[in-house]
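A structural walkthrough
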Amino acid sequence: MQRVPLVLGNWKMNGSAQANEALLQGLLESLSPEADAALKQGELQAGVAVPAPYLFQAATRLRTSGLFWGAQDCSDEASGAFTGEISASMIKDFECQFALVGHSERRERAAETNSLVSRKLGQLLSQGLMPVVCVGEPLAEREQGSAEAFVVEQVRAATKGLNDQQLASLVIAYEPIWAIGTGMSASSDDAQSMHATIRQELAQQSQSAAQAVRILYGGSVKAATAASLFAQPDIDGALVGGASLDATEFASIVQSACPGAQSLH
Ligand code: PEP
């Protein structure tokens, strides 16, 4: 099945109104005409997950571009007395197309559990937003040979109870924790192997949805490594942290995912 490639940047807690302006402007100027056309025709999707205070700025700046913008987290509640939280409907108000949930930094720092991640995902689906569910094993699990079981459990818990249509609309980002921000990317073979395992797990629920779900790789993706990752059959794009703060580097990663770009490498 032909899946539309997707490259998302995760700015994390970086930026300022002024710096974002320069970064977004730089990104728009750095995209090749081919990538720009592919984005506008929907043959390629790319975007940035910005800190919530800058969603309005992202919407204003990107509305007429082919790029997406989204949030980095979402509440598991719809509304009410939840100080500091941001609901899926608020995210939708800023015309976002997507939000991340279950990023390992939130699982670690905010003790987010699989069941909380699953409820957050449900909130996003209820608003018609595209959830990008982050999963990935710590180094100890990889060293013990239990990385696949660990990730499969995260995927199973996040997708429990979804119908086929909801399942098909998900994006899963496989981000091994040991590869995030370390400069130590998983090899394209290791990433492909985990992505295939994730797809097999989804196929237990629905064959057709499993073929539709986009599975992104995240963890120290750089322009230099993107093409070999994207050449793998089950790697449908990337979630990019550090490199998304550099306009030309991120634009180059987006371009590597452009349909037809593989033949140029
Ligand atoms: C991330 O945090 O989602 C990420 C992949 O970060 P980096 O690209 O910096 O490893």
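What you are looking at is a predicted structure, and each value in this text was computed from that prediction instead of being measured. (Residues numbered from 1 in each chain as written. Predicted model: local features only at pLDDT ≥ 70, side-chain atom pairs only at ≥ 80, totals over all residues. Heavy atoms only, no water.)

All right, on to the nonpolar core then. Taken as a class, soluble globular proteins show a tendency for nonpolar side chains to be buried jointly. Formed by 70 residues in total, the largest nonpolar core has its most connected members in Val7, Ile198, Tyr217 and Phe230. Once you skip the residues sitting within four places of it in the chain, Ile198 turns out to touch Val135, Val151, Val155, Ile172, Tyr174 and Ile215. (Core = buried A, V, L, I, M, F, W, Y, C linked by side-chain atoms within 4.5 Å. Buried < 20%, exposed > 50% of the residue type's maximum accessible area, 1.4 Å probe, protein only. Contact = heavy atoms within 4.5 Å.)

Another aspect to go through is the side chain of Ser65. Looking at the secondary structure, you find Ser65 in the loop between helix H3 (55–62) and strand E3 (68–71). Within the structure, Ser65 has its side chain in polar contact with the backbone oxygen of Leu62 (distance 2.8 Å). For Ser65, the side chain forms a polar contact with the main-chain nitrogen of Leu67, separated by 3.0 Å. (Helix = DSSP H or I, 4+ residues; strand = E, 2+ residues; numbered from the N terminus. Polar contact = N/O pair within 3.5 Å; in protein donor to acceptor, adjacent residues only side chain to side chain.)

Lining the immediate surroundings of the ligand are 15 residues, of which Lys12, Glu175, Gly181, Ser220 and Gly242 lie closest. For the ligand, the accessible surface in isolation is 290 Å², of which the surrounding protein chains cover 96%. Here the residues of the shell around the ligand sort into four nonpolar, eight polar and three charged. (Near = heavy atom within 4 Å. Areas by Shrake-Rupley, 256 points an atom, 1.4 Å probe, with all protein chains shown as cover. Nonpolar A, V, L, I, M, F, W, Y, C, P; charged D, E, K, R; others polar.)

With that out of the way, let us pick up unusual backbone geometry. You will see that Lys12, though not glycine, has its phi angle at about 55°, which is positive. Even without glycine at this site, Glu95 takes up a positive phi of about 60°. Positionally, Glu95 belongs in the loop between helix H4 (88–93) and strand E4 (98–101).

This paragraph deals with the environment of Glu201. Turning to its location among the elements, Glu201 is positioned in helix H10 (residues 188–205). Classification of Glu201 by relative accessible area gives buried; the value is 10%. Residues Glu201 and Met130 lie 71 residues apart in sequence; the distance between their C-alpha atoms is 20 Å. If near-sequence neighbours (up to four positions away) are discounted, Glu201 is found in contact with Val152, Val155 and Arg156.

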